[in-house]
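A structural walkthrough
Each chain, written out:
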Amino acid sequence: QHYSGLEEAVYRNIQACKELAQTTRTAYGPNGMNKMVINHLEKLFVTNDAATILRELEVQHPAAKMLVMASHMQEQEVGDGTNFVLVFAGVLLELAEDLLRMGLSVSEASYILITVIEGYEKASKKALEILPDLVCCSAKNLRDVEEVASLLHTSVMSKQYGNEQFLAKLIAQACVSILPDSGHFNVDNIRVCKIVGAGISASSVLHGMVFKKETEGDVTSVKDAKIAVYSCPFDGMITETKGTVLIKNAEELMNFSKGEENLMDLQVKAIADSGANVVVTGGKVADMALHYANKYNLMLVRLNSKWDLRRLCKTVGATALPRLTPPTLEEMGHCNSVYLSEVGDTQVVVFKHEKEDGAISTILIRGSTDNLMDDIERAVDDGVNTFKVLTRDKRLVPGGGATEIELAKQITSYGETCPNLDQYAIKKFAEAFEAIPRALAENSGVKANEVISKLYAMHQEGKKNVGFDIEAEAAAVKDMLEAGVLDTYLGKFWGIKLATNAAVTVLRVDQIIMAKPAGGPKPPSGKKDWDEDQND
C-alpha cells in the first residue's frame, strides 16, 4: 500500500508519540513499575512519576516534544495527572492512526485527517460538558485534618503505595496549619527537609523551618527568639577604596588593631542591646565577630542560600538588613524557639513556632536512601498540589477508571447521534478513555478486557462511581466513592483538555522543518602562529 507524503509524515509523528506514551504507561497507577532514568549529568533517578521522567529525558523528536509540553502544562496547572495526559494523548494518536489506515485512497488522506481532528475536538468539548455531572462529592471543610488526609490518599497512593495513610496525614497537617483565612494557598510555603536514616514512619511535621546547618557560635538554643537577619557577611566594614596606613612602631600597630576590635565590639553590642538574641547572616562570619557574638550570648546561624534567607524572613516576620546596623523592633523576627538538634547523625537548626497558624511548615522526611527520599518528596509535592487544587475547586470525581468508563459510555452514545463521518473519530475518542482502566489493570497483573467489560456492565446499570479494584486478586470492581478513591475535578478537566490539544496539534503537522547549518565542507582551521618565522 502506498502512502502520500502527508500520511507518511503523520505516521512518523504518531509513532514517536506512541513510543513516548508507552514508556510512562507502565508506570501508571499505584502498581506501576519504577523507571531508572540516568540524565545528561549521569544522575540516577528511580521513580514512577511521569513529570520527573519527562523532565530528565532528552526528547529529540519535535512531535513527541508536543506531548512533553502538554504534560508540563498539566504539572504547572494542577501539579498532578501528568501521566494521564501522556497516556491519553498517546492512545488518541494511536486510534487516529487506525482511522487513517482504514483503506482510504491517497486523495482522501487530508480530508480524513481533518475529519479526525474535528471529531476529536467535538468529542473533547462533549466530554468537558459531561464531566460536571460525574462529580460524586465535594470537600466540605479544608481545615479538618482527617477529611483533607482522606482526600489526598489517591494522589499519594499512586507514588507511595502502602505508605499513603501516613504520608497523607503528614501532608494534611502541614497544609491545614498554614492555610490562610483568605484561602489563597501557596505551595512554596510547605518545605521539605530530607535526612538519611530511620524509616518513613519517623517522618514528622514542624511548624517553622528546618535547615541542615550547624550554629556558628557557642549558643545552641534560644527560647522566645528575637531574630535579626542580615543579607551581608557578619564582619567588619570594608572600605570601598584601598588606603595605605603607615605604622612607625609597635604601639601604633597595637592601637590600630585595637581600634578595629573596638568598632566590631560596638557593632555587636548594639545588636545585642536592641533585644536581638539570634543573628542569621547570608555571608561569611569573621572570627572576631564570632568572638564578640559569643561574648554577648548571641546565637549565630549562617545560611548560604538567599532563597532560604527570604523564606526565613517570611516565616519569622523579619526584614533582611543589608548592613550590620542594630535592627528596630519592626525589623526583628520572632519565633518561640531556635535550637540546634541532631536528627540521625545530621545537625539541624530548627526555627519553631508553637502556634499552628505560621506562614511556613516543614515536612521532615526520613528514609534509608536518597532515591527513596526523593520519591517520597515527589509524593508530598503531589499531595500539596492536590490540596491547592481543592482550595480552588472542591469538586471531586471517582477515580480507578470510573470517570473514564462513564465518559466513554456517554460519548459513544453521542457519536451514534452524529450523522457525518466524524462519528468514527468521536467513537475512537470514547475508546481512548478505556486506556486508563486498561493501564491500571495491566499494571496490576489482571486481564484488562475482563475488567473493562465488567466496568461497562456496572455503568450500564447506572452505577457511575464503580471503578477497578486494584487490591483484589482477580478482575474485580467496586464503588470508588465508598473506597475513598477520588480524583480532583480540575485535574481531570485540564488533563482531557491538554491531551486533546496535544494530539490534535500533532495530527495537524504534515512537515517538520528544522533549521540547521548549511552543508558543505568546513572552512580550513588555519595554522597557528602562521606569521612567525619557522627558524626562530
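Summarised in this report is the structure supplied together with it. Here the structure is a predicted model, which means the values were calculated and not measured.

What counts, and at which threshold
Residues numbered from 1 in each chain as written. Predicted model: local features only at pLDDT ≥ 70, side-chain atom pairs only at ≥ 80, totals over all residues. Heavy atoms only, no water. Helix = DSSP H or I, 4+ residues; strand = E, 2+ residues; numbered from the N terminus. Rg over C-alpha atoms; globule rule 2.2 N^0.38 Å. Buried < 20%, exposed > 50% of the residue type's maximum accessible area, 1.4 Å probe, protein only. Pairing = 2+ DSSP bridges. Right-handed = clockwise from strand over helix to strand, strands pointing away. Patch = residues over 30% accessible without salt bridge, like charges linked within 9 Å, V, L, I, M, F, W, Y side chains within 5 Å. Areas by Shrake-Rupley, 256 points an atom, 1.4 Å probe, with all protein chains shown as cover. Salt bridge = Lys/Arg side-chain N within 4 Å of Asp/Glu carboxyl O. Lys, Arg positive; Asp, Glu negative; His and termini not counted. Charge placed at Lys NZ, Arg CZ, Asp CG, Glu CD. Contact = heavy atoms within 4.5 Å. Axes fitted to C-alpha atoms, helices over the stretch in contact; angles between N-to-C directions. Phe/Tyr/Trp six-rings, centres within 6.5 Å; stacked < 30°, edge-to-face > 60°. Left-handed = near helix turned anticlockwise from the far one by under 90°. Nonpolar A, V, L, I, M, F, W, Y, C, P; charged D, E, K, R; others polar. Expected span 1.5 Å × (residues − 1). Parallel < 35°, antiparallel > 145°, perpendicular 65-115°, else oblique.

**Re the overall build of the chain**
- A tally of helices and strands in the chain yields 17 helices and 16 strands.
- In summary, the chain has a C-alpha radius of gyration of 31 Å against a globular reference of 24 Å for 536 residues, an excess of more than 25%.
- Counting only C-alpha atoms and orienting by the principal axes, one finds that the chain spans roughly 105 × 85 × 40 Å.
- The buried share among the 536 residues of the chain stands at 49%.

**Things to note about the pairing of strand β7 (residues 278-281)**
- Side chains of β7 alternate between two faces, with Val-278 and Val-280 and Val-279 and Thr-281 buried alike.
- Here strand β6 (residues 221-230) runs beside β7; their pairing, made up of four bridges, is parallel. Each bridged residue has a counterpart across the sheet, and for Ala-228 the counterpart in β7 is Val-279.
- For the crossover from β7 across helix α9 (residues 287-295) to strand β8 (residues 299-302), the handedness is right-handed.

**Brief notes about a negative patch on the surface**
- Side chains of Glu-214, Glu-216, Glu-342 and Asp-345 sit close together on the surface and give a patch of like negative charge.
- Within the secondary structure, Glu-214 sits in the loop between β5 (204-211) and β6.

**Digging into the pattern of salt bridges**
- Applying the stated criterion to the full structure yields 28 salt bridges.
- As a salt-bridge pair, Lys-295 and Asp-265 come within 3.5 Å of each other at their nearest N and O atoms. On the criterion of sequence distance, the pair formed by Lys-295 in helix α9 and Asp-265 in helix α8 (residues 250-273) is long-range, its members being 30 residues apart.
- For Lys-295, a relative accessible area of 49% corresponds to the partly exposed category.
- The buried category is assigned to Asp-265, whose relative accessible area is 16%.
- A salt bridge links Arg-438 to Glu-434, with the shortest nitrogen-to-oxygen separation between them at 3.8 Å.
- Here the salt bridges do not stand alone but share partners, grouping Asp-188, Arg-191, Asp-308 and Arg-311 into one network.

**Thoughts on the sheet that holds strand β16 (residues 486-488)**
- The three strands lie next to each other as β3-β13-β16, forming an open sheet whose pairing is antiparallel. Each edge of the sheet is formed by a strand with only one pairing partner; in this case those strands are β3 (137-138) and β16.
- As paired strands, β3 and strand β13 (residues 395-398) are joined by two bridges and run antiparallel to one another. Residue pairing in the sheet places Ser-138 in a bridge with Arg-395 of β13.
- Relative to β16, helix α17 (residues 489-508) is tilted by about 65°, and along the sheet it contacts β13 and β16.

**Some details on the environment of Arg-101**
- Relative to the helices and strands, Arg-101 is located in the loop between α4 (82-100) and α5 (109-130).
- Accessibility expressed as a relative area gives 40% for Arg-101, which makes it partly exposed.
- Along the chain, Arg-101 and Tyr-11 lie 90 residues apart, while their C-alpha atoms are 9.8 Å from each other.

**Quick word on the packing of aromatic side chains**
- One pass over the structure, following the stated rule, counts nine aromatic pairs.
- Ring geometry for Phe-88 and Phe-433: centres 4.6 Å apart, planes at 25°, overall stacked. Linking Phe-88 in helix α4 with Phe-433 in the loop between α13 (422-432) and α14 (435-443), this pair joins segments that are 345 residues apart in sequence.
- Looking at Phe-88, the relative accessible area reads 0%, which means it is buried.
- Residue class for Phe-433 comes out buried when judged on its relative accessible area of 0%.
- Here a set of aromatic residues connected by ring pairs shows up, and it is made of Phe-84, Phe-88, Tyr-120, Phe-429 and Phe-433.

**What to know about the packing of α4 against α13**
- Relative to each other, α4 and α13 sit at 145°, their axes nearing to 9 Å. Helix-helix and strand crossings are classified by hand; for α4 and α13 the assignment is right-handed. For the pair α4 and α13, contact is made by Phe-88, Val-91, Leu-92, Leu-95, Asp-98 and Leu-99 and by Tyr-424, Ala-425, Lys-428, Phe-429, Glu-431 and Ala-432, respectively.
- The residue inventory of the contact of α4 with α13, partitioned by class, reads nine nonpolar, no polar and three charged.

**Things to note about the side chain of Arg-378**
- Relative to the elements of secondary structure, Arg-378 occurs in helix α11 (residues 370-392).
- Setting aside residues up to four positions removed in sequence, Arg-378 forms contacts with Phe-45, Val-46, Thr-47, Asp-49 and Thr-52.

**Examining helix α7 (residues 164-178)**
- Helix length check: α7 (15 residues) gives 21 Å between terminal C-alpha atoms against 21 Å at 1.5 Å per residue, within 8%.
- With respect to burial, α7 is a largely interior element, 11 of its 15 residues being buried.
- Residues of α7 that are buried: Glu-164, Leu-167, Ala-168, Leu-170, Ile-171, Ala-172, Ala-174, Cys-175, Val-176, Ser-177 and Ile-178.
- In this fold, the buried residues of α7 make contact with α6 (145-157), β4 (190-196), β5, β12 (361-367) and α11.

**Some details on unusual backbone geometry**
- Even without being a glycine, Glu-42 presents a positive backbone phi close to 65°.
- Its location among the elements puts Glu-42 in the loop between β1 (35-38) and β2 (44-47).
- Take Glu-42: its relative accessible area is 69%, and that puts it in the exposed class.

**Notes on the packing of helix α12 (residues 402-417) against α13**
- Packing of α12 against α13 leaves a shortest axis separation of 8 Å and a crossing angle of 175°. Considered as vectors, α12 and α13 are oriented roughly antiparallel to each other. Taking contact as the criterion, the partners of Ala-408, Ile-411, Thr-412, Tyr-414, Gly-415 and Glu-416 in α12 are, on α13, Gln-423, Ile-426, Lys-427, Phe-429 and Ala-430.
- Considering only residue class, the contact of α12 with α13 consists of six nonpolar, three polar and two charged.

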